[in-house]
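In case you want the letters, here they are:
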Amino acid sequence: MKKTFQFYTIVLLFTTIFSVSLTSNAQKGSKNSFSKKPNIVYILADDMGYGELGCYGQEKIETPNLDQLAKRGKRFTQHYAYPVCAPSRYLLMTGQNSGKAFIRGNHEWADRGDVWNFKAMEDNPYLEGQYPIPDSTITMAKILKKAGYTTALVGKWGLGASMTAGTPNNQGFDYFYGYICQRQDHTYYSGHLWENNNRVPLDNRIVDPNIELPKDLDPLDEKNYEKYQQKDYAPDYLIKAALKFIDKSKDKPFFLYYPSPLPHVSLQAPKDLVAYYHKKFGDEKPFLGGSYFPCRYPHATYAAMITLLDQQVGQIIKKLKDKGVYDNTIIMFCSDNGPAYNAGVDPAFFKSAGPFNGAYGWGKGFLREGGIREPFIVSWPGKIQEGSTSDLISATIDMVPTFCDLLNLKVPKHVDGISILPTILAKGKQTDRNYLYFEYPEYGGQQAIRIGNWKGIRLDMLKGNTKWSLYDLAADQTEQHDVANQHPEIIKKMKAISKREHHTPELSRFEIPVLEKEAL
């Protein structure tokens, strides 16, 4: 049985290993040579489905800035992330697949106390955040910082807590502004955000989002929902911080990671955008709350949240142009997982997963295509063919090796992804991908492997299921026709990959007993 190890305290050893692993790959005849290092802006949506942008077929929600970004760059059609927030971000930051990752599910670190109590979190910052990643973690930000970049994270983190090794500032980011805790962004009117290691108060009351509209109030009266909209709307502060960072960093290469909380529930958006979509969609049934804040116009509000994110993308692009650095900036846009299905979100109404199924069991939280296939757009003026499309099978774990390739850096040994820079630039030979591996210990325990057009998947593994289902995505992209019995040779390959890629997790809560038994 294989097991990875974490090193929290062996600082000297870590420093030595880290320095070696990030040494510039300065061999002669390096294939990538640019007059100056490009800036990198990576924008990550939260719970956005494959089909929620106009350039990916969306017909109801307006996303003109992202559609234009796709026209100016390259759109990927087979790009993968992970089913839920924290582990998806860990895979992006490290380039590891989920069979080796330290974080494989959402870990709220509940043994600290009442971590879901919003008033308690406000009073005690120790209760905020998620289980921290080790100080030995080699992140994308550490790699780029070592390469001379000024690094910033503005938005949602979810990989640590204050006063731990897992804070953004301890993981390679020179500057951090936003939510350190992913529970806090269940409301867009939180009591505070974080700037580096300090709280920044917001002028909002502390209200637990898990409430219902009182039964004695008229659910059709807009005024009865006004108390769920307060003064300081967090996304407004996030975009201001991002633009300010660009202002201050324009004279040297910078990396801006902008993991927006939008459009994750609760459903809360600026009134003018909600009014626009209410007029466009007409009247609708309200969401009365319970798990998240009540919302009078859930369809209109959800659409407004995505359009707001699109507007923020437009603001970032404008700022880059105003500062004269747009032409030397790579902009990437993706989402952390598929669309939600609760709290007033209606993936069927918007066809949020595009050609895939976005309902419960198929969207967020699941290794079905609707849960992990994401929009991915890359733009770099003059370097990427405008309006191009790629069907390369790619994933967020490819970002670390892609950036290393871009900058002629040695790829850290732990990385499982491949560089997709040759495809992005349409230059050089693209490394073939043998397979993509996923395992996910929540929502019943799941595993998936993609080999070419074949996709194998196992569900309900925590109940002891060992049976594989197999789909030919070229002919059956909605995963409706299981052909495992007809192709035992493919299942045999997937079993071998599973045994090779699964490593016993360091945190026992992420164990899937079936996989542990098969690894013996």
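Residues numbered from 1 in each chain as written. Predicted model: local features only at pLDDT ≥ 70, side-chain atom pairs only at ≥ 80, totals over all residues. Heavy atoms only, no water.

Caption draft 1: Summary view of the pattern of salt bridges. Throughout the structure, instances matching the rule amount to 27 salt bridges. Note that D336 is salt-bridged to R89, the shortest N-O span being 2.8 Å. Of this pair, D336 sits in the loop between strand 8 (329–335) and helix 9 (347–350) while R89 sits in helix 3 (residues 85–94); the two residues are 247 residues apart in sequence, bridging distant segments of the chain. Relative accessible area serves as the criterion here: at 1%, R89 is assigned to the buried category. We note a salt bridge from D123 to K119, for which the minimum N-O separation is 2.8 Å. With D123 and K119 both in helix 4 (residues 118–123) and 4 residues apart, the pair spans about one turn of that helix. Here D123 falls in the exposed class, since its relative accessible area comes to 55%. A network of salt bridges, in which partner residues are shared, links D46, R89, K156, D185 and D336. (Salt bridge = Lys/Arg side-chain N within 4 Å of Asp/Glu carboxyl O. Helix = DSSP H or I, 4+ residues; strand = E, 2+ residues; numbered from the N terminus. Buried < 20%, exposed > 50% of the residue type's maximum accessible area, 1.4 Å probe, protein only.)

Caption draft 2: Broad picture of the packing of aromatic side chains. Evaluated as defined, the whole model comprises 28 aromatic pairs. Seen from their ring centres, W109 and Y126 are 6.3 Å apart, and the 55° between their planes marks the pair as tilted. Of the two residues, W109 sits in the loop between helix 3 and helix 4 while Y126 sits in the loop between helix 4 and helix 5 (140–146), which places them 17 residues apart along the sequence. Owing to a relative accessible area of 15%, W109 belongs among the buried residues under this scheme. Taking relative accessible area as the criterion, Y126 reaches 39% and is therefore assigned partly exposed. Ring centres of F366 and Y443 lie 5.1 Å apart, and the angle between their planes is 70°; on these two criteria the pair is classed as edge-to-face. Remark: Y443 occurs in the loop between strand 12 (436–440) and strand 13 (446–451) and F366 occurs in the loop between helix 9 and helix 10 (369–372); sequence separation between them is 77 residues. Using a relative accessible area of 8% as the deciding quantity, one classes F366 as buried. Aromatic rings pair up to connect Y42, W157, F173, F255, Y257 and F403 into one cluster. (Phe/Tyr/Trp six-rings, centres within 6.5 Å; stacked < 30°, edge-to-face > 60°.)

Caption draft 3: Inspection of helix 13 (residues 488–501) at higher detail. Between its terminal C-alpha atoms helix 13 stretches 20 Å, which fits the 20 Å expected from 14 residues at 1.5 Å a residue. For helix 13, the full list of buried residues reads I490, I491, M494, I497, S498 and E501. Around the axis of helix 13, the buried residues are gathered within 120° of arc, so they sit on the same side. Exposed residues pointing more than 90 degrees away from the buried face of helix 13 are listed as P488, K492 and K495. Packing partners of the buried residues in helix 13 comprise strand 12, strand 13, strand 14 (454–458), strand 15 (469–472) and helix 14 (513–519). (Expected span 1.5 Å × (residues − 1). Arc of directions from axis to C-beta. Contact = heavy atoms within 4.5 Å.)

Caption draft 4: Looking closely at the sheet that holds strand 13. Strand order in the open sheet made by the 4 strands is 12-13-14-15, with antiparallel pairing throughout. This sheet does not close on itself; its edge strands, each paired only once, are strand 12 and strand 15. Across this sheet, the average inter-strand angle for adjacent strands is 15°, counted without regard to direction. Here strand 13 runs beside strand 14; their pairing, made up of 5 bridges, is antiparallel. Following the sheet pairing, A448 is matched in strand 14 by I457. (Pairing = 2+ DSSP bridges. Axes fitted to C-alpha atoms, helices over the stretch in contact; angles between N-to-C directions.)

Caption draft 5: Geometry of unusual backbone geometry. Here the amide bond leading from L262 into P263 is cis, since omega sits at 0°, within 30 degrees of zero. Tracing the backbone shows P263 in the loop between strand 7 (254–259) and helix 7 (271–281). In this model, V265 is joined to S266 through a cis peptide bond whose omega is 20°. By the secondary structure assignment, S266 is in the loop between strand 7 and helix 7. Of note in the backbone geometry, A426 takes a positive phi value of approximately 55° without being a glycine. Residue position: A426 is located in the loop between helix 12 (421–425) and strand 12.

Caption draft 6: Representation of the side chain of E516 in the model. Relative to the helices and strands, E516 is located in helix 14. Notably, E516 is buried but unbridged: the nearest opposite-charge side chain belongs to R104, and the N-O separation is 6.0 Å. At a separation of 2.6 Å, a polar atom in the side chain of E516 contacts the side chain of T504. (Lys, Arg positive; Asp, Glu negative; His and termini not counted. Polar contact = N/O pair within 3.5 Å; in protein donor to acceptor, adjacent residues only side chain to side chain.)

Caption draft 7: Region of the structure containing the confidence of the model for the protein. Model confidence for the protein is summarised by a mean pLDDT of 93, while 93% of its residues fall at 70 or above. For the stretch residues 1–30, pLDDT sits under 50, and the model shows 48 contacts to residues farther than four places along the chain or on other chains. (pLDDT = per-residue confidence, 0-100.)

Caption draft 8: Here's a closer look at the packing of helix 6 (residues 234–249) against helix 8 (residues 298–322). Direction vectors running N to C along helix 6 and helix 8 enclose 15°, while the axes themselves pass 10 Å from each other. Accordingly, the angle class assigned to the pair helix 6 and helix 8 is roughly parallel. Note on packing geometry: the crossing formed by helix 6 with helix 8 is right-handed. For the pair helix 6 and helix 8, contact is made by P235, I239, L243, I246 and D247 and by L308, Q312, Q315, I316, K319 and L320, respectively. Along the lines of polarity and charge, the residues of the contact of helix 6 with helix 8 split into 7 nonpolar, 2 polar and 2 charged. (Parallel < 35°, antiparallel > 145°, perpendicular 65-115°, else oblique. Left-handed = near helix turned anticlockwise from the far one by under 90°. Nonpolar A, V, L, I, M, F, W, Y, C, P; charged D, E, K, R; others polar.)

Caption draft 9: Structural context of helix 3. Counting buried residues along helix 3, 10 of its 10 residues qualify, which places the element largely inside the surrounding structure. Looking at helix 3, one finds that the buried residues are C85, A86, P87, S88, R89, Y90, L91, L92, M93 and T94. On the buried face of helix 3, the contacting elements are strand 1 (39–45), helix 5, strand 3 (150–156), strand 7 and helix 11 (399–406). Looking at the residues trailing helix 3, positive phi occurs at G95, about 80°.

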